[in-house]
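# Understanding the architecture of this molecule
Listed below are the residues making up each chain.
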Amino acid sequence: MQGDAATIAALFAVDPAGLGGVALRAPAGAARDEWLTLLRTLLPADSPMRRVPLNTGDTALLGGLDLGATLQAGRPVALHGLLAQADGGVLVLAMAERMTVGAAARFGSVLDSGQVLLQRDGLDRVLPARVGLVALDEGADADEQLPASLAERLAFHLRMDGPAEDEESPAWSAQEVQAARQRVGQVQMAPASVQALCAAAMALGIDSLRASLFAARAARAAAALAGCNTVEEEHIAVAARLVLAPRATRLPPAPPEPLDEGPPEEETAPEPPTQNASELPDPPLEAPPEAPDDPKTEDSDEADSLAPDPQELAERVLEAAQAAIPAGLLASLKIGALQRAKSPTSGSAGAEQKNALRGRPVGARKGEPRAGQRINVLETLRAAAPWQRLRRSALPPAAASVRTPRIVVRKEDFHVTRFRQLGQTTTVFVVDASGSSALNRLAEAKGAVELLLADCYVRRDSVAVLAFRGKTAETLLPPTRSLARAKRSLAGLPGGGGTPLAHAIDGAAALAGQIRRKGETPIVVLLTDGKANIARDGSPGRGPAASDALAAAAQLRAMGVSALLVDTSPQPQSSAEHLAAAMGAQYLALPYGGAQSLNQAVRAVAGRN
Amino acid sequence: MALTFPFSAIVGQDDMKLAIVLTAIDPTIGGVLVFGDRGTGKSTAVRALAALLPKMRAVKGCRYGCDPDAARCPDCLAATSGKARASELVGVPVVDLPLGATEDRVVGALDLERALSQGVKAFEPGLLARANRGYLYIDEVNLLEDHLVDLLIDVAASGENVVEREGLSVRHPARFVLIGSGNPEEGELRPQLLDRFGLSVEVKTPSTLEERVEVVKRRDAFEQDPQAFTEQWKKEDDKVRKGIVAGRKRLGDVHIPDSARSFAAQLCMSLGTDGLRGDLTLVRATRALAAWQGDKSVTQVHLQRVAPSALRHRLRRNPLDDAGSSTRVERALAELASAPQK
């Protein structure tokens, strides 16, 4: 057990609700289980510690109507959700890296207010829910992260990579934690300590004030744990190390030595507070309190995706192109996708079937729950309610003498929940940023993508952006709904280099597969001039590059992903058209300045579908 | 009820506080949309509102909080037979619409309890009814389910909630100030919903160390001893409350010269805002600002202060313009101000 991990467990156990929780990024395994066991032993024996599976529904999470009890009692009986049940304890969120932002927002509001506002199924309650969360994050790569809004509300970001180390560490006993829980309310904190923590947070480039607040609370907990009644410097140091350091987005300006275990990235890649971090002479305290010369203008999460090279900054070309892409284009693609999905390919058939029983509930309809459809208890009861008196009086007397059911529900009362059939669509933009494209049309292609983005925004779809140049393709933007982020990632896209078209299509296929596994429908929009010159193995040469690209395209087609290829070369090329055919994509030439003809072309394409 | 962090103890965030105060002075301005960084006290400010607002007079026991002088809810209409109903002072409702809420609780539905136990078909009002004459607050408004957004868009515009479900047919007043907060990184709002917000403010994390320290200090003090902290800030809160009451009184007397109206219209035209709502909101917000500051007449200074809030979310989204909406409003303001007045 690493020293910091044990410390975090103890601090968290002292003040679970106040500290929000722990984001525990670790593979499933002994180290993680050991830590959870430790936490369990440190928490009071009677405090609940519940596990929450991924995709827990609102009823289970927040509460709702208790069907069994309601039917038995003949009046509505509320079922408290996990959040309310865990009041005063800890919830362990499994696979939190796959949590939706919606679920994260539900947890977030409970963490903020310490209570559950239950406004569901005719129930109107406010339930106490002072909980701390342990978010288990098994993300394999940098793309898989906790939702930022949740990570923000958890004081500790703990990372356990390697195997558990057997090292003597200051361990605390449950009694000590219990004593600290009593004491933590009385711990005094000097204004200078607050000042120091805030200065440290600023020097590390931590924007959110929650980090400073958590650090202050962690310092209190540390003091309480050590049996002190005032927060001392060492407690602040612990708080800064455990709460602030993992959130750092930049190195403090001075002194230069600290935090030398590599540049701590922003919150999307929290640097683990490891052993050498614990040896730090509390750098934040010594950091100059004033802000560095330039105010932080960019959000932290864009910093890594762009990683702008000074020279490349000059390459940023965001000349808005007037390439008008009609608003309906993506919608027509969607139709194409639906049509294609009907073809009996194994993968997509499964996805469609699943969609019918999941997704966003859109009310209820009359009908019996069969073939996996979910009964809507509330609507069923509502339908039965007005008839109760009549039905009871109509019951045969013999049956009534045996046992009168509290509620007589008949077959015609049954309602099932309807879900929205159409899954969410995620459009993957694959942008050619190679030299040949950059010269000709990169700026315009960006403009075109932005117009398409605006179109996606109107339909509340997600977008992802993949760019390719030089020898590789990289995901500039994982699927998101934020137009602002998409725009920024495009704006920072430099141009130049070769055209690794095969890589790009492979990347798009991989991303499309990921999206499909999430139950969403991918659409690939490829903007390129079709002049591939880098083969899959990274070697230059038009011939092998083109054949590799065609092979990759065939694979994409086999996946049944609907696609659009926008030809960005000044004169439409047959190579791009061949590629489109191989991908099974709609082909669209984007002739220079010919917005009008483009318009007509798209109408023609849309009409054909 | 748990104590909320006092409104006046919020450090900085003047735009947000001003917008909230203005809608308290003149609820017809519409709602407030607060978008911005995480951890900037968005929700704190809204939740502080309930404690801040002066009490209002309402029909006693009315589930819709009807104004005794204009009771229009089904209960009051059924009960009134000439004689006036007793009234009482109640706090202005600030109703939270949580993300997991179901439609039946938002709009109201058949009262299941009474239906099951007594076989009576009765209407159980929802959150929209409770928010009548007050505030409806949606945290993370950009994550609200689409079908709830549809409901809100309709009700927020008409001020009336029409329920047609389970054999019930009810319509009741639902006039509320919509307050939404969120983080634009997590998704954006539909233009129709955006339009329902009168003012929009962008909040940023305080950038100076002093401010940040002050925020943490106050928050820490509040969490250690909420009661004492609230007591300590009571005077300041009272001051704001009195200002709101005075502002409401003065509101009707504020003169709006034609020059100000035409300035507002020109500004909207040069920005190309959709519809006239922007124009109208701008004038109303300006008048409320003048009333708040105790000025008799609306001046260009007032206009310039509120124009960004009133207009920035109404600009037609231009994916090709990188300048933020606020910048565009300010640019247009500067151009107009320098141009000779006609």
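### Focus on the overall build of chain A
When its secondary structure is counted, chain A shows 28 helices and 17 strands. In chain A, buried positions account for 49% of the 609 residues. Expressed as a percentage of contacts within chain A between residues at least 6 apart in sequence, the contacts between residues at least 24 apart total 77%.

### Looking at the overall build of chain B
Counting secondary structure elements, chain B contains 14 helices and eleven strands. Residue burial in chain B is summarised as follows: out of 342 residues, 50% are buried. A separation of at least 24 residues holds for 75% of the contacts in chain B among residues at least 6 apart in sequence.

### Overview of the interface of chain A and chain B
On the side of chain B, 50 residues touch chain A, which itself brings 60 residues to the contact. Residue composition of the side of chain A that touches chain B, grouped by class: 31 nonpolar, twelve polar and 17 charged.

### Brief notes about the nonpolar core
All names here are of chain A. By size, the foremost hydrophobic cluster in this structure holds 207 residues, and its most contacted members are Leu 197, Ala 215 and Ala 218. A per-element tally of this core places helix α11 (residues 209-225) first, with 13 residues. With residues up to four places along the chain from it excluded, the contact list for Leu 197 reads Ser 212, Ala 215, Ala 216, Ala 219, Ile 236, Ala 239 and Ala 240. By size, the runner-up hydrophobic cluster in this structure holds 52 residues, among which are Ala 549, Leu 556, Ala 563 and Val 566.

### Re the sheet that holds strand β12 (residues 425-432) of chain A
Residue and element names in this part refer to chain A. If you walk across this open sheet you meet the six strands as β14-β13-β12-β15-β16-β17, and the pairing is mixed. Each having just a single partner strand, β14 (472-480) and β17 (586-589) make up the two edges of the open sheet. Between one strand axis and the next, the sheet turns by 15° as a mean value, whatever way the strands run. Here strand β13 (residues 462-469) runs beside β14; their pairing, made up of six bridges, is antiparallel. Counterpart to Ala 467 in the pairing with β14 is Glu 474.

### Side note on the sheet that holds strand β2 (residues 49-52) of chain A
All names here are of chain A. One open sheet accounts for five strands, arranged β2-β5-β8-β1-β9; its pairing is parallel. What marks the edges here is a single partner per strand, and that holds for β2 and β9 (156-159). Neighbour-to-neighbour, the strand axes of this sheet turn through a mean angle of 20°, independent of strand direction. Here five bridges tie strand β1 (residues 21-25) to strand β8 (residues 132-137), and the two strands are oriented parallel to one another. Looking at the pairing, Leu 24 lines up with Leu 136 of β8.

### Some thoughts on unusual backbone geometry
Residue and element names in this part refer to chain B. A positive phi angle, near 55°, is found at Gln 13, a position not held by glycine. As for its position among the elements, Gln 13 is in the segment before α1 (14-25). Unusually for a residue other than glycine, Glu 140 sits at a positive phi of about 55°. Here Glu 140 is to be found in the loop between β7 (135-139) and α7 (146-158). On the neighbour-count criterion, Glu 140 (24 C-beta atoms within 10 Å) is buried.

### A word on the packing of helix α9 (residues 174-183) of chain A against α11(A)
Residues and elements named next belong to chain A. Between α9 and α11, the shortest axis-to-axis distance is 8 Å and the interhelical angle comes to 125°. Taken together, the axes of α9 and α11 lie oblique to each other. Between α9 and α11 lies a crossing whose hand is right-handed. Residues Glu 176, Ala 180 and Arg 183 of α9 form the contact with α11, whose participating residues are Ala 221, Ala 224 and Leu 225. Class assignment for the residues of the contact of α9 with α11 results in four nonpolar, no polar and two charged.

### With respect to the environment of A:Val524
Residue and element names in this part refer to chain A. Among the structural elements, Val 524 can be located in strand β15 (residues 521-528). Under the C-beta neighbour-count criterion, Val 524 is labelled buried, with 28 such atoms within 10 Å. Separated by 15 residues in the primary sequence, Val 524 and Ala 509 have C-alpha atoms spaced 8.4 Å apart. Setting aside residues up to four positions removed in sequence, Val 524 forms contacts with Val 428, Val 430, Ala 508, Ala 512, Leu 556, Val 561 and Ala 563.

### Things to note about helix α9 (residues 209-224) of chain B
Taking 1.5 Å of rise per residue, the 16 residues of α9(B) would be expected to cover 22 Å, and the 22 Å separating its terminal C-alpha atoms lies within 8% of that figure. Those residues of α9(B) that are buried lie in contact with α10 (191-203) and α11 of chain A together with α10 (226-251) of chain B.

### Looking at the environment of B:Gly182
All names here are of chain B. With respect to the helices and strands, the residue Gly 182 is situated in strand β10 (residues 177-182). You can call Gly 182 buried: it has 23 C-beta atoms within 10 Å. Considering only alpha carbons, one finds Gly 182 and Ile 138, 44 residues apart in sequence, at a separation of 8.7 Å.

### Brief notes about the confidence of the model for chain B
Averaged over every residue, the pLDDT of chain B is 83; residues scoring 70 or more account for 93%. In the predicted assembly, ipTM is 0.83 and pTM is 0.68.

### Brief notes about α1(B)
Residues and elements named next belong to chain B. For α1, built from twelve residues, the straight-helix expectation of 16 Å at 1.5 Å per residue is met to within 8% by its first-to-last C-alpha distance of 16 Å. When you tally the buried positions in α1, you get nine out of twelve residues, the bulk of the element. Residues of α1 that are buried: Asp 15, Met 16, Leu 18, Ala 19, Ile 20, Leu 22, Thr 23, Ala 24 and Ile 25.

### Some details on the pairing of β1(A)
All names here are of chain A. Across the five residues of β1, five count as buried, placing the element largely inside the fold. Alternating residues of β1 divide into Gly 21, Ala 23 and Arg 25 and Val 22 and Leu 24, and every residue in both groups is buried. As defined by bridge partners, β1 adjoins β9 across four bridges and the pair is classed as parallel. When the sheet's bridge partners are listed, Ala 23 is paired in β9 with His 157.

### Focus: the packing of α10(A) against α11(A)
Residues and elements named next belong to chain A. Running from N to C, α10 and α11 point in directions that differ by 135°, and their axes come no closer than 9 Å. Here α10 lies oblique to α11, going by the angle between them. Between α10 and α11 lies a crossing of right-handed hand. Counting all contacts with α10, which are made through Ser 193, Val 194, Leu 197, Cys 198 and Ala 201, the residues of α11 involved are Ala 211, Ser 212, Ala 215, Ala 216 and Ala 219. Each residue belonging to the contact of α10 with α11 can be placed in one class, and the counts come to eight nonpolar, two polar and no charged.

### Points about the confidence of the model for chain A
All names here are of chain A. Taken as a whole, chain A shows an average pLDDT of 70; of its residues, 67% reach a score of 70 or greater. No element of chain A has a lower mean pLDDT than helix α16 (residues 310-315), which averages 28, and none a higher one than strand β5 (residues 90-93), which averages 91. Within the model, the stretch residues 254-356 combines pLDDT values under 50 with 174 contacts to residues more than four positions away or in other chains. The model gives residues 593-609 a pLDDT under 50, and that stretch makes 21 contacts with residues more than four places away or in other chains.

### Details of the environment of A:Ile407
Position of A:Ile407 among the secondary structure elements: in the loop between α21 (397-402) and β11 (415-419). In this structure A:Ile407 comes out as buried when scored by C-beta crowding, with 21 C-beta atoms within 10 Å. Sequence-wise, A:Ile407 and A:Trp387 are 20 residues apart; in three dimensions their C-alpha atoms are separated by 9.6 Å. Beyond its immediate stretch of four places on either side in the chain, A:Ile407 contacts A:Leu71, A:Gly74, A:Ala384, A:Gln388 and B:Leu116.

What counts, and at which threshold
Residues numbered from 1 in each chain as written. Chains lettered and ligands numbered in written order. Predicted model: local features only at pLDDT ≥ 70, side-chain atom pairs only at ≥ 80, totals over all residues. Helix = DSSP H or I, 4+ residues; strand = E, 2+ residues; numbered from the N terminus. Buried ≥ 20, exposed ≤ 12 C-beta atoms within 10 Å, placed from the backbone. Contact = placed C-beta atoms within 7 Å. Nonpolar A, V, L, I, M, F, W, Y, C, P; charged D, E, K, R; others polar. Core = buried A, V, L, I, M, F, W, Y, C linked by C-beta atoms within 7 Å. Pairing = 2+ DSSP bridges. Axes fitted to C-alpha atoms, helices over the stretch in contact; angles between N-to-C directions. Parallel < 35°, antiparallel > 145°, perpendicular 65-115°, else oblique. Left-handed = near helix turned anticlockwise from the far one by under 90°. Expected span 1.5 Å × (residues − 1). pLDDT = per-residue confidence, 0-100.

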